[in-house]
Amino acid sequence: MDNTTYVALSLARAMQRDLDVTANNIANANTAGFKAERVIFSSYLFPDDGAEVGEGTNFVVDQGSYLDEAQGALTKTDNPLDIAVKGDAFLAYTTPEGQTAYGRDGELALDKDGYLVTIAGSRLLDESGTEIQIPANSGKIIISVDGTIASEENGVIGKIGLFDLPDIQSYMRLGNSMLVPPPGQASMARIAEGSEIAQGSIEMSNVAPITEVTRLMMIQKAYEQATKLMTTEDDLRRDLLRRLGSTTG
C-alpha cells in the first residue's frame, strides 16, 4: 500500500473510534449522571523520501479520550431520596460486584435492607466509605446541602460522601455511569469542598442529543470519504496493472 491508502486507513480507523464513542454518548443521553466522552485526534507528519523540508504525509492519530465534566441539567423529581450534585464533586458507591466506584447518579431508592442504592443496585457511600443505611420507620428524610441525612424520628443518620477526583481523566468506564481507577492504580479521591447536594432532584446526562447526532452524521461522512479514497486507489492500481499487462502482451 502507498501513503494514500495508509492516510485513508488512518482516517477510517479514527472515524470508527469516534463513531463508537459518539454512539455511546447518544445511547446514554437519558442516563442520570452520565458524563460524555470526547475523543482527541492529532496529525502526524511523516517526512517522505526526497520531500522538501516541511513537506510530507499527514496521518490521523488517535490520542485517546477524555471525560467531559460539564454539569448536566438538574431535573426536579420531588422524590426525597433523589439527589443531584451541584459542582465538580463525585459520589461514591459500592457496586454489586464489590468495587468502589464513582459517579454522579443520584437516582436513589432503599433496598430490602434499608441501604441507599442506585437503580442498578450500587450502594451509596458516606465520607468514610461506609454504605449508608436508613433505619426502618425513620419518617421524613431530609438531606441538607452538605449531604447530611436526617429524619424526624432518628435525627442525624449519616453524611453523603462528596469527593474530588484529581485523577478522574485516567478512570475507566464501568457502566451505569460508574467510573473506576485503572487496574493496579489506587484512587486519589479526597473530600470535596465547594460542591452541594440538591435533594429531590437528579442530574441528567450532559450529552446534547442534537449536537451528538450532528457529529455522528459528520463522522459517517468522513468515514465514507476515507473508504471511497481507498476504493479509488485500488481501482487505479488495478487499472495500472491491466494497462501494463496489455502493453507487455
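Structure shown above.
The structure displayed is predicted, hence computed values, not measured ones.

**Q** In this structure, what is going on with the environment of I168? I would like to understand it.
**A** Along the chain, I168 turns up in the loop between strand 13 (163-164) and strand 14 (172-175). Since its relative accessible area comes to 5%, I168 is described here as buried. Leaving out residues up to four positions away in the same chain, I168 has contacts with L67, E69, F90 and L179.

**Q** Quick question: what am I supposed to make of the nonpolar core here?
**A** In summary, soluble globular proteins display a tendency toward joint burial of nonpolar side chains. In this structure, I83, L91, L116, L124, I149 and I160 are the most contacted members of the largest nonpolar core, which totals 21 residues. Mapped onto this core, the elements with two or more residues apiece are strand 4 (83-86), strand 5 (91-94), strand 10 (141-143) and strand 15 (178-180). The residues contacting L124, other than those within four sequence positions of it, are I83, L91, A92, Y93, L108, L116, T130, E131, I132 and I160. Listed in part, the ten residues of the second largest apolar core include A92, Y102, I168 and Y171.

**Q** Help me understand the environment of P166 in this model?
**A** Looking at where P166 falls in the secondary structure, it is placed in the loop between strand 13 and strand 14. Note on P166: relative accessible area 45%, which makes it partly exposed. Each C-alpha atom, one on P166 and one on R190, is 8.6 Å from the other, the two residues being 24 residues apart in sequence. Ignoring sequence-local partners within four residues, the contact set of P166 consists of M188 and R190.

**Q** Quick question: what am I supposed to make of the environment of E203 here?
**A** Within the secondary structure, E203 sits in strand 18 (residues 201-203). E203 sits in the buried class, given a relative accessible area of 0%. Separated by 128 residues in sequence, E203 and T75 place their C-alpha atoms 6.3 Å apart. In contact with E203, other than residues within four places in its own chain, are A32, G33, K35, A70, Q71, G72, A73, L74, A84, V85 and R104.

**Q** How do you make sense of the sheet that holds strand 10 when you look at a structure like this?
**A** Paired through backbone hydrogen bonds, the strands of a sheet run either parallel or antiparallel to each other. In space, the three strands of this open sheet follow the order 10-11-12, with antiparallel pairing throughout. Either end of the sheet is taken by a strand with one partner, and the two such strands are strand 10 and strand 12 (155-159). Ignoring strand direction, the axes of neighbouring strands in this sheet form an average angle of 25°. Relative to strand 12, strand 11 (residues 148-151) runs antiparallel, the two sharing four bridges. Following the sheet pairing, I149 is matched in strand 12 by G158.

**Q** What am I meant to see in unusual backbone geometry here?
**A** Negative phi characterises most residues that are not glycine, and trans characterises most peptide bonds. The backbone phi angle of D78 is positive, close to 65°, even though this residue is not glycine. Taking the relative accessible area as the measure of exposure, D78 reaches 59% and is therefore exposed. Backbone geometry at S177 places phi at a positive 65°, although glycine is not the residue there.

**Q** Would you mind going over the pattern of salt bridges with me for this structure?
**A** Two side chains bearing opposite charge may form a pair once their charged atoms approach each other closely. Scanning the entire structure with this criterion turns up 14 salt bridges. We note a salt bridge from E203 to K35, for which the minimum N-O separation is 2.7 Å. Placement of the pair is E203 in strand 18 and K35 in the loop between helix 1 (3-27) and strand 1 (37-46), with a sequence separation of 168 residues. We note that E203, like K35, is buried. One salt bridge connects E203 with R104, and the closest N-O pair in it is separated by 2.8 Å. Taken as a pair, E203 in strand 18 and R104 in the loop between strand 6 (100-103) and strand 7 (108-110) lie far apart in primary sequence, 99 residues in all.

About the criteria used
- Going along each chain's sequence as written, the residues are numbered from 1 onward.
- Only residues with pLDDT of at least 70 get local features here, since the model is predicted, and only at 80 or more are side-chain atom pairs given and counted; chain-wide, interface and lining totals rely on the full set of residues.
- Calculated side-chain values reflect all of the structure's heavy atoms, with hydrogen atoms and water omitted.
- In this description a helix means any DSSP run of H or I spanning at least four residues, a strand means any run of E spanning at least two, and both kinds are numbered starting from the N terminus.
- Categorising residues by exposure relies on relative accessible area from a 1.4 Å probe, with only protein chains included: less than 20% of the type maximum marks a residue as buried, more than 50% marks it as exposed, and the intermediate range marks it as partly exposed.
- Contact definition: two residues touch when any of their heavy atoms are within 4.5 Å.
- Each nonpolar core is a collection of buried residues, namely Ala, Val, Leu, Ile, Met, Phe, Trp, Tyr and Cys, held together in the definition by side-chain atoms within 4.5 Å.
- Pairing between two strands is assigned when DSSP locates at least 2 bridges connecting them.
- Every angle, taken between N-to-C directions, lies between 0 and 180 degrees, and every axis is a line fitted to C-alpha atoms, over only the stretch in contact when it is a helix.
- The salt bridge criterion pairs a side-chain nitrogen of Lys or Arg with a carboxyl oxygen of Asp or Glu, the two atoms within 4 Å.

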